[in-house]
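Observations on the model geometry
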Amino acid sequence: MSGEKSGDFEELLYPSLIRDHGNIYKPKNKMEDEKMKEEFVQDYHTKEIDLVNRDPKHLNEYVVKMDFEDVIAEPEGTHSFDGIWKGSFTVFTVTKYWCYRLLSGLFGIPLAIIWGIYFAILSFIHIWAVMPCIKSYMIEIQCVSRVYSICIHTFCDPFYEALGKMFSSIRVSLQKEV
């Protein structure tokens, strides 16, 4: 093997992204890692929103996605005039579109403020009240569980061992009488 092939093989093992940052166990990389975390935090708070795909997690995929065909349908044999059908479609679609825009314009920002405050309060309560209570409970219940375990082993184990020894000598045999 020549030196060039060994270098090619090394590049396959260690992609350029990993090699550019060096070994993660070396102290000099802590600074680079912290810089990357800071950039990530800044990107998180200043990220751009997607104006094309406004439901990337598909929260409202099946709930409010209503088109004309989902609401108004004429079965076979019962059709209105083509002009009425086209006009109904246009009126429905345009009305739905502009009504939604009007309601979003009037109530979107105030409701966004209300929901932002609500979820901030919910997060605050969860972080500063619920989780500390749960952790405190888990610490306290651990002590109780040890006492409970000692009581069970002290009082119940001998009883059930005695029952086991009593019933261990019982033999059951089945015979079929003809």
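Residues numbered from 1 in each chain as written. Predicted model: local features only at pLDDT ≥ 70, side-chain atom pairs only at ≥ 80, totals over all residues. Heavy atoms only, no water.

Next up on the list: the overall build of the protein chain. Summing up its helical and strand segments, the protein chain has five helices and zero strands in all. Counting helices and strands in the order they occur from the N terminus, the protein chain gives α-α-α-α-α. Sorting the 178 residues of the protein chain into buried and exposed places 1% on the buried side. About 17700 Å² of surface is accessible on the protein chain, with carbon and sulfur atoms providing 66% of the total. (Helix = DSSP H or I, 4+ residues; strand = E, 2+ residues; numbered from the N terminus. Buried < 20%, exposed > 50% of the residue type's maximum accessible area, 1.4 Å probe, protein only. Areas by Shrake-Rupley, 256 points an atom, 1.4 Å probe, with all protein chains shown as cover.)

By volume, the largest pocket amounts to about 1000 Å³. Considering the residues around the largest pocket, the lining is formed by 26 residues, among which Arg 54, Asn 60, Val 64, Tyr 100 and Ser 104 are closest to the centre. A per-class count over the lining of the largest pocket returns 13 nonpolar, six polar and seven charged. Considered as a void within the structure, the second largest pocket measures approximately 390 Å³ in volume. Lining the second largest pocket are 11 residues, with Asn 53, Arg 54, Asp 55, Pro 56 and Leu 59 sitting closest to its centre. The residue inventory of the lining of the second largest pocket, partitioned by class, reads four nonpolar, two polar and five charged. (1 Å grid on protein atoms, 1.4 Å probe; cavity = no way out; pocket = protein on both sides within 12 Å on 5 of 7 lines; lining within 4 Å. Points joined across faces, edges and corners; volume = space filled by probe spheres on them. Nonpolar A, V, L, I, M, F, W, Y, C, P; charged D, E, K, R; others polar.)

With that settled, the discussion passes to the packing of aromatic side chains. By the definition in use, this model includes nine aromatic pairs. Taking the centre distance of 5.3 Å and the plane angle of 85° together, the rings of Tyr 97 and Trp 98 count as edge-to-face. Relative accessible area serves as the criterion here: at 40%, Tyr 97 is assigned to the partly exposed category. For Trp 98, a relative accessible area of 51% translates into the label exposed. Taking the centre distance of 5.1 Å and the plane angle of 75° together, the rings of Tyr 118 and Phe 119 count as edge-to-face. The partly exposed category is assigned to Tyr 118, whose relative accessible area is 42%. Each member of the aromatic cluster is reached from another via a ring pair, and the members are Phe 68, Trp 85, Phe 89 and Phe 92. The ring of Trp 98 has Arg 101 lying over it, and the distance from NZ or CZ to the ring centre is 5.8 Å. (Phe/Tyr/Trp six-rings, centres within 6.5 Å; stacked < 30°, edge-to-face > 60°. Lys NZ or Arg CZ within 6 Å of the ring centre and 35° of its normal.)

Further remarks concern the confidence of the model for the protein chain. Of the residues in the protein chain, 74% reach a pLDDT of 70 or more, and the chain-wide mean stands at 80. With pLDDT under 50 throughout, residues 1-7 is counted as low confidence; its partners more than four residues away or in other chains account for zero contacts. (pLDDT = per-residue confidence, 0-100. Contact = heavy atoms within 4.5 Å.)

With 87 residues, helix α5 (residues 82-168) should reach 129 Å at 1.5 Å per residue; the first-to-last C-alpha distance of 87 Å falls well below that figure. Phe 107 marks the point of greatest bend in α5, at about 50°, and the proline Pro 110 comes within the next four residues. (Expected span 1.5 Å × (residues − 1). Bend = angle between axes of the 7 residues up to and from the residue.)

Quick look at the state of the cysteines now. For the coordinates displayed, the defined rule picks out zero disulfides. Distance from the sulfur of Cys 156, which forms no disulfide, to the nearest cysteine sulfur (Cys 151) is 9.0 Å. For Cys 156, a relative accessible area of 28% gives the class partly exposed. (Disulfide = S-S within 2.5 Å.)

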